[in-house]
Structures are given as structure tokens and as C-alpha cells.
Amino acid sequence: MRLDPVTMEIVGNRLSAMTEEMCLTLQRTSRSLYVKETADFCCAFAGLDGGFVAYPRGIGVSGFVGLNVLTAVQAAGPLEPGDVIITNDPYRSGGLATHLTDIQLIEPYFHEGELVGYGWAFIHCSDIGGRVPSSLSPVNDEIFQEGLQIPPVKLVRAGEPSRDVEALISANSRTPEANLGDIRAMRAALRTGRERLAGVVAQHGLATVLDAQRDLVEYTAGKARAALAALGDGTHRFVDYLDDDAVSSLPVRLSVTATLRAGDLHLDFTGTDPQVAAAFNIATLGRPHAWITTRVLALICTLDPGIALNAGLIAPITVTTPEGSLVNPVHPAAVGVRHASANRVNDAVGGALGLAAPHVLPAASSGLVVPVVVAEQRAAGQNVQVLEPMVGGTGARDGADGVDGRDSGISNLSNNPVETVETEIGVEILRYGLRTDSGGAGRWRGGCGLELTFRVRGEGSKLLARGLERMCFRPWGVRGGGPGAATELIVNPGTPRERRHFKIDVLPLEPGDVVTLLTSGAGGYGDPYTRDPEAVLRDVERGVVSREAAARAYGVLLAEADGSLAVDGPATADARREHHPDRGAHDGGAERRAWESVFDTAAVDRLVAALFRLPRPARTPRRTALYTAVLAGLPAGFPRTAPTPEQRDAARRTLVQEITELERMSA
């Protein structure tokens, strides 16, 4: 280190405080519900290498600390004081933007003509054009359908705003006033950062601030390696699935092999399916991108809670992401719903690292983030708002239940107050609360999912719910813990007009329609029949576990005593005596067992390898044809409906034949 530890700590804290003040400025001056209430935004200070030196700890989206602004800076050309860069293009910004609705601003900070670093701010805007209101749809198959692509260009030149760029953005959005208001809020945040950085330089000197950039990141990198080294060396693999790609019923496979060596971690995504003709691709550009390293950063911060948030967190991480795969697609692949895949990457990485540290890593979280969007017609045009960013719970871990109704696995978005929602959008919230019996059973129970039920009041309303997942492949439990409940989306439940939906694009709604979204619960940890009966009783009293589930899943029988419930000790002992626990490492539920009874790991490894030997345009059609041939011999509804042994064996024979033919074709 170039600086003494005391000076480094002082400067580091001042820079972190600066980024938090930037965030507060942005949030307080924002125009859109998704920024000012949900808090889908952030600000940071980047060093000369483009990596973040200081990042807020208590406000904004926490998962983007590993992003880098340098590609966007270089693409925008030479910079001078007063310039501000704007972009939302995932490919041209080097992965800084992760989908088109995330608008990025970058301002170079100078001191007496010398570049000191870069201020960064982003917001998720309500709409950036494209095929559907809110721009994002799972069935978009190329980025051109997802809205206006803004390469890194100068929004402001030497302090003078480019009215042409602003006009272009406004003309390509359904919410132009909100977008421009949020862009101006970001500019205000960047100005706050510039002024506060000038104060730090004035007090400590330019050389100290530049030295601190390097020292802070190197110090964090050393602490991150020490945290990972505590897990021990080894190689561990885990596979998980997206339910489907929204344009077919075929699951999408994510595979990760985690190799730990002396505090360094390599994540190899070989075995992951090719990029899809839908919006689930993650544009990592082959780098250790935020969307595929978030679980590792969370693990490091858990192992070392005092560690600073900066680019040093990703220094120990390297990746292999095959080009043309779901986690490294080639332009113009659609990326709008990349958060659905990022959730599954999170689970797969957690599963792999859990094999290295089973007493540290939890079971699977609920595994979804669903921004429930309502688009409605108004006299002045369209009103497009995120009603709620729906999540589920966190997975149970050794020694603790999961968190109910809250999952910060890939984002720490706030929920929107009901009063604000009903003011901004023509809906009536009927219920917003925890979902009973959704958390996976275990010695430590998985976190519950959420229920959102609302009634539509206006004419011409449409529902969009991108990110619907875990509707088939449920969040897995660990070491005898059970899987969480599956996600459900129901319109007009309990009436003759009831309709159940899986992934949706744009769903028209009539005045009076009632929509219920039940998010998945998280996985449990440990044998549920070893859970403290009094803990089960408390869950029943809280309404997160039903009395029936207490008996069925936990072997805990309850009886009425003086007008309240109590554990029936003798009956519980009898029920638990006959229990024979499942000691498997992971339990993904009957659906996953049925799927892998046909499509086992070794066979699908061969399949994916053969697909990647084909030209990229041929991969998806050939994959679809192969799966269709195998599924033809399985029951309708597979894997929710299990096959007979005869059907399973016949399907496996067909699979082997199809893979052998594919290998011959691709050789």
C-alpha cells in the first residue's frame, strides 16, 4: 500500500459517504415510482481503470459493484470537464448496461485539468420504447424489439446539454417526462459527487486520492481472497434450470463448475445451454460480470461483514462463459429479462459453493424477481408503472430459518407502499402478504413467498409480469430439507372465469378482473422431523404454516387447549417415530427428479457439447427438434406428471439415439 492505513480508511469512508449522498440526491429528485419508491437505481465513484472504488452500502442496488465504466468511456471519445456520457446498450457499453431500460450516466471528474475518476449513476426507467409497454417482454427474440439502443454518446458537452439526444430519447418512450426527469435527477447526483470529491481532494490532496483508489481496491481484494480461502480448495459442480424459454415448453439448463484454489475462484459455465431466442440471455461479454458473480460477492461479504464494497471484491474471480451461451450471448440476442437467468445463476453458484461449505451456504432462495407492471390508458397517453417488484424468501441455512417474503439475492429493491400504488395506478390492492405453506420444510424452514392480489379498476389495462419463474422446477432444499412451493399466477381465482397462466407477454385485463400472484417459497435445510415442535407451533400461530402442513411435513400434531393451540406431545412422538428421512444432498422436488430420470447430467453434457459444435444459427432449431422427439414418448404435462418406468426407459433410449446422431452430424 502507498498510504498509511488510517489515511486510507478516512479517504475510503469519505468516498463511500459521497456515493450515498449521490444516491439520496437521485432518489429525492426522481420522477418515477420505480426509482423513488422501489429504489432501482445506484451511484458510485469509479477509478481511472473504470472499476468502482467506492460504492454505497445502505442505499440503491447493491449487486452492480463489479461493473466497469471504461468501455463506455472509451467509446464516447475524448472527455473534458462538464461532459456527461449516456448509454443503455449492453453490448457497446461492455456490459455496464445490462438491459435497455437501465439508463447509465457517466461524468469524468477533473481537478485542475487532471482526470481524477468518474461519477456513475443509473436508473431503471419505466419505458424506453420497443414492442410492449415497459419495453421488456420474455418473448422478444432480439434486442431491436426491446427499445431504443443508446450507444455511449455525450448527453452533455462541456456543461451544455444535447437537446437533440434528449429529444431522441423522448420520441422513443411511452413515458418521456418521467425519463427526462430521472435523467436530470441522475445529473444532479453526479454534480453532488463532483462537488464532494472536490472537497476530498482539497483536504487530502490529489496524490492521496489517486493512491487511495489503488490501495482501497487492493486491500479489498486481499480480504476477499482470504474469505474464499477459508472454504478450502476443491472443484464442485451444480446444475439448475429455468422452467422454459417462454417461446417453448423446454427447460433451459444452467451449469456451473466452481474451482477454489488458494483464495481464487474460477466459475466455468461449460454445459450451459446455448443462447435462447427469447429475452433471458445475460450479456457478460465473457467477463466476470455482476449478474454471474453476485452470489460470490454476497458470500464474501457474509464471511467478512466489514469488507468494503468496491471492485476488489471480484478480483479473485475468473470465468469461462462459452460464446453463444445463455451467459455470453452474441449480438443481437435479447437480454431484457436477464434477471430471471441471473437468479438461476445465483442458485447454481450457491449450489456448487454449498458443496464446498454446506454449513455456510443456504438452500435455494425463491429464485425470482417479478416486476408486476400495469399499463393503462389515460387521456394524456399511457401510464406504465411497476406495481410491485415481487420476490419470495431466502433459503434456510444451518442454524437459521430463511427470511420470509424478502430475498436480496440479486437485488435489494424496496416494495412500493400500497397507498402510493393505488394513487399512481388504477388498481385496488386486496391482499399483499406472506404465502402460507410456501417455505420448504426443514429443521430450519425456507422463507415464505408472497401473495399479491389486486383488482383492476380502469379500462384498457394490461398486465406484464416479466421474470415469472420457479413455476415448475421448485427451489431446492438441502440435507433433507424440502423444496419451496411453486409460483402461481391466477386471474379471477375461485370464480367460473378463473384462468391459470405460466409465463405471459402482455395480458389484457377487464375492469373488475382480480389478479393473484403467488411467488415461490425458498428451500428448507435439514430433516423437517427434527424441527423443534414449538417452532412449528409458532409458525402455525403466525400463519406461515397451516395446521395440516404441520402434521404432514413436520410430524407435529396440535391440539386445542384452553382456547389456543398447543403441541400434542404423545401424538407428535408417535408420528415422528415412523419417519425415515431422506438424506440426499439436494431435493428439487418431484418435477426435477422426473426430468433428470430422463435427461440425466452425463447425457445432457454430451448434448450441449454437440450443439456447440454446430453453427450458432443451427443450435436452437436442432435442440428443439431433439427434445421434441424425446418428449413425444412422455406423458402430457411432463415433468409435472411423472412417466411410467416403461415410458422413462423408452425416452432415454430415444435420447441416446438422438444425441448419437447429433454427434455424428456435428463431428
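A short tour of the structure in this document, coming up. (Residues numbered from 1 in each chain as written. Predicted model: local features only at pLDDT ≥ 70, side-chain atom pairs only at ≥ 80, totals over all residues. Heavy atoms only, no water.)

Concerning the overall build of the chain
Secondary structure assignment for the chain yields 16 helices and 24 strands. Here the chain has a C-alpha radius of gyration of 25 Å; the compact-globule value for 667 residues is 26 Å, and the two agree. In terms of its C-alpha atoms, the chain occupies a principal-axis envelope of roughly 80 × 70 × 60 Å. Looking at the chain as a whole, 59% of its 667 residues qualify as buried. Counted over contacts in the chain with a minimum sequence separation of 6, partners at least 24 positions apart contribute 72%. In the chain, 66 side chains carry a positive charge and 79 a negative one; their mean positions are 2 Å apart. (Helix = DSSP H or I, 4+ residues; strand = E, 2+ residues; numbered from the N terminus. Rg over C-alpha atoms; globule rule 2.2 N^0.38 Å. Buried < 20%, exposed > 50% of the residue type's maximum accessible area, 1.4 Å probe, protein only. Contact = heavy atoms within 4.5 Å. Lys, Arg positive; Asp, Glu negative; His and termini not counted. Charge placed at Lys NZ, Arg CZ, Asp CG, Glu CD.)

Focus on unusual backbone geometry
Cis geometry marks the peptide bond from His-331 to Pro-332, where omega comes out at 15°. One non-glycine residue, Glu-112, adopts positive backbone phi at about 50°. Tracing the backbone through its elements, the reader meets Glu-112 in the loop between strand E4 (102-111) and strand E5 (114-124). Using a relative accessible area of 76% as the deciding quantity, one classes Glu-112 as exposed. Backbone geometry at Ser-135 places phi at a positive 75°, although glycine is not the residue there. Mapped onto the elements of the fold, Ser-135 is located in the loop between E5 and strand E6 (153-157). Assessed through its relative accessible area of 0%, Ser-135 is described here as buried.

As for the sheet that holds strand E18 (residues 488-491)
Strands pair in a sheet through their backbones, by hydrogen bonds, and they do so in one of two ways: parallel or antiparallel. As summarised here, the arrangement of the five strands in space is E14-E15-E21-E18-E19, forming an open sheet in which the pairing is antiparallel. Both edges of this open sheet fall to strand E14 (427-434) and strand E19 (499-501), since each of them pairs with a single strand only. Recorded for the sheet is a direction-independent mean angle of 15° between the axes of neighbouring strands. (Pairing = 2+ DSSP bridges. Axes fitted to C-alpha atoms, helices over the stretch in contact; angles between N-to-C directions.)

Looking at the pairing of strand E10 (residues 264-268)
With burial as the criterion, only one face of E10 is covered, namely that bearing Leu-265 and Leu-267; the residues Asp-264, His-266 and Asp-268 on the opposite face remain uncovered. Judged from the five bridges that link them, strand E9 (residues 252-261) and E10 form a sheet pairing that is antiparallel. Within the sheet, the bridge partner assigned to Thr-257 lies in E10 and is Asp-268. The turn joining E9 and E10, which pair antiparallel and follow one another in sequence, is formed by two residues; a positive phi near 50° is taken by Ala-262. For the crossover that starts at E10, traverses helix H7 (residues 290-303) and ends in the parallel strand E11 (residues 317-320), the hand is right-handed. (Right-handed = clockwise from strand over helix to strand, strands pointing away.)

Here we look at helix H11 (residues 547-554)
Those residues of H11 that sit buried are Ala-549, Ala-550 and Tyr-554. Taken around the axis of H11, the buried residues stretch over an arc of 105°, which confines them to a single face. Exposed and facing more than 90 degrees away from the buried side of H11 are Glu-548 and Arg-552. (Arc of directions from axis to C-beta.)

Thoughts on the packing of aromatic side chains
Each aromatic ring pair is specified by the distance between its two centres and by the angle formed by the two planes. Under the definition given, this model contains 15 aromatic pairs. An angle of 25° between the planes, with centres 6.4 Å apart, marks the rings of Tyr-55 and Trp-120 as stacked. Taken together, the residues span a long stretch of sequence, with Tyr-55 in the loop between strand E2 (52-54) and helix H3 (70-75) and Trp-120 in strand E5 at a distance of 65 residues. Take Trp-120: its relative accessible area is 0%, and that puts it in the buried class. Summarising the aromatic geometry, the rings of Trp-120 and Phe-122 are spaced 5.7 Å apart at their centres and angled 25° between planes, so their arrangement reads as stacked. By the burial criterion, Trp-120 is buried, and Phe-122 matches it. (Phe/Tyr/Trp six-rings, centres within 6.5 Å; stacked < 30°, edge-to-face > 60°.)

A few points about the packing of helix H1 (residues 5-29) against helix H5 (residues 176-204)
Two elements in contact, H1 and H5, have axes whose closest approach is 8 Å; the angle formed by their N-to-C orientations is 155°. Taken together, the axes of H1 and H5 lie roughly antiparallel to each other. When the axes of H1 and H5 are compared, the crossing they make is right-handed. (Parallel < 35°, antiparallel > 145°, perpendicular 65-115°, else oblique. Left-handed = near helix turned anticlockwise from the far one by under 90°.)

A short note on the sheet that holds strand E20 (residues 507-509)
Judged by pairing direction, the sheet is antiparallel, and its four strands sit side by side in the order E13-E12-E16-E20 without closing on themselves. Looking along the sheet, the strands with just one partner apiece sit at the ends: strand E13 (381-390) and E20. Within the sheet, the average angular offset between the axes of one strand and its neighbour, ignoring direction, is 25°. In the sheet, strand E12 (residues 370-378) pairs with E13 via nine bridges, with the strands oriented antiparallel. Among the inter-strand pairings, Val-370 is bridged to a residue of E13, identified as Met-390.

Observations concerning the nonpolar core
Of all hydrophobic cores here, the largest spans 134 residues; its most connected members are Leu-26, Trp-120 and Leu-267. Counting residues per element, this core draws most heavily on H5, which supplies nine residues. With near-sequence residues (within four places) excluded, Leu-26 lies in contact with Val-35, Phe-41, Cys-42, Cys-43, Ala-121, Phe-122, Ile-123, Ala-185, Met-186 and Ala-189. (Core = buried A, V, L, I, M, F, W, Y, C linked by side-chain atoms within 4.5 Å.)

Observations concerning the pattern of salt bridges
Inspection of every chain in the model, using the stated rule, returns 48 salt bridges. For the salt bridge of Asp-605 with Arg-253, the shortest nitrogen-to-oxygen distance reads 2.9 Å. Of this pair, Asp-605 sits in helix H14 (residues 601-612) while Arg-253 sits in strand E9; the two residues are 352 residues apart in sequence, bridging distant segments of the chain. Put simply, Arg-445 and Asp-539 hold a salt bridge, and the shortest N to O gap is 3.0 Å. Here Arg-445 is found in the loop between E14 and strand E15 (450-456), whereas its partner Asp-539 is found in helix H10 (residues 533-542), with 94 residues between them in sequence. Counted as one network, the salt bridges with shared partners bring together Asp-240, Asp-244, Arg-344, Asp-347, Glu-469, Arg-470, Lys-503, Arg-592 and Glu-596. (Salt bridge = Lys/Arg side-chain N within 4 Å of Asp/Glu carboxyl O.)

A word on H7
Note that an α-helix has 3.6 residues per turn; residues three or four places apart therefore point the same way. The terminal C-alpha atoms of H7 lie 19 Å apart, and with 14 residues this matches the ideal 20 Å at 1.5 Å per residue to within 8%. Across the 14 residues that make up H7, a large majority, 10, are buried. Listed in full, the buried residues belonging to H7 are Ala-290, Trp-291, Ile-292, Thr-293, Thr-294, Arg-295, Val-296, Leu-297, Leu-299 and Ile-300. Those residues of H7 that are buried lie in contact with helix H6 (206-229), E10, E11 and helix H8 (338-356). (Expected span 1.5 Å × (residues − 1).)

Regarding the side chain of Asn-281
Structurally, the position occupied by Asn-281 is in the loop between E10 and H7. Residue class for Asn-281 comes out buried when judged on its relative accessible area of 0%. Among the polar contacts listed, one links the side chain of Asn-281 to the backbone oxygen of Ala-278, at a separation of 3.0 Å. A distance of 2.9 Å separates a polar side-chain atom of Asn-281 from the backbone oxygen of Ala-334. Not counting the four nearest positions on each side in its chain, Asn-281 is found in contact with Gln-275, Val-276, Leu-326, Pro-329, Ala-333, Ala-334, Val-335 and Arg-338. (Polar contact = N/O pair within 3.5 Å; in protein donor to acceptor, adjacent residues only side chain to side chain.)

Details of the environment of Leu-265
On the secondary structure map, Leu-265 appears in strand E10. With sequence-adjacent residues up to four places away left out, Leu-265 is seen in contact with Leu-228, Ala-258, Thr-259, Leu-260, Val-296, Pro-316, Ile-317, Thr-318 and Leu-353.

Some thoughts on the side chain of Thr-25
As for its position among the elements, Thr-25 is in helix H1. Judged by relative accessible area, Thr-25 falls into the buried class, the value being 19%. Not counting residues within four places of it along the chain, the set of residues in contact with Thr-25 comprises Ala-188, Ala-189 and Thr-192.

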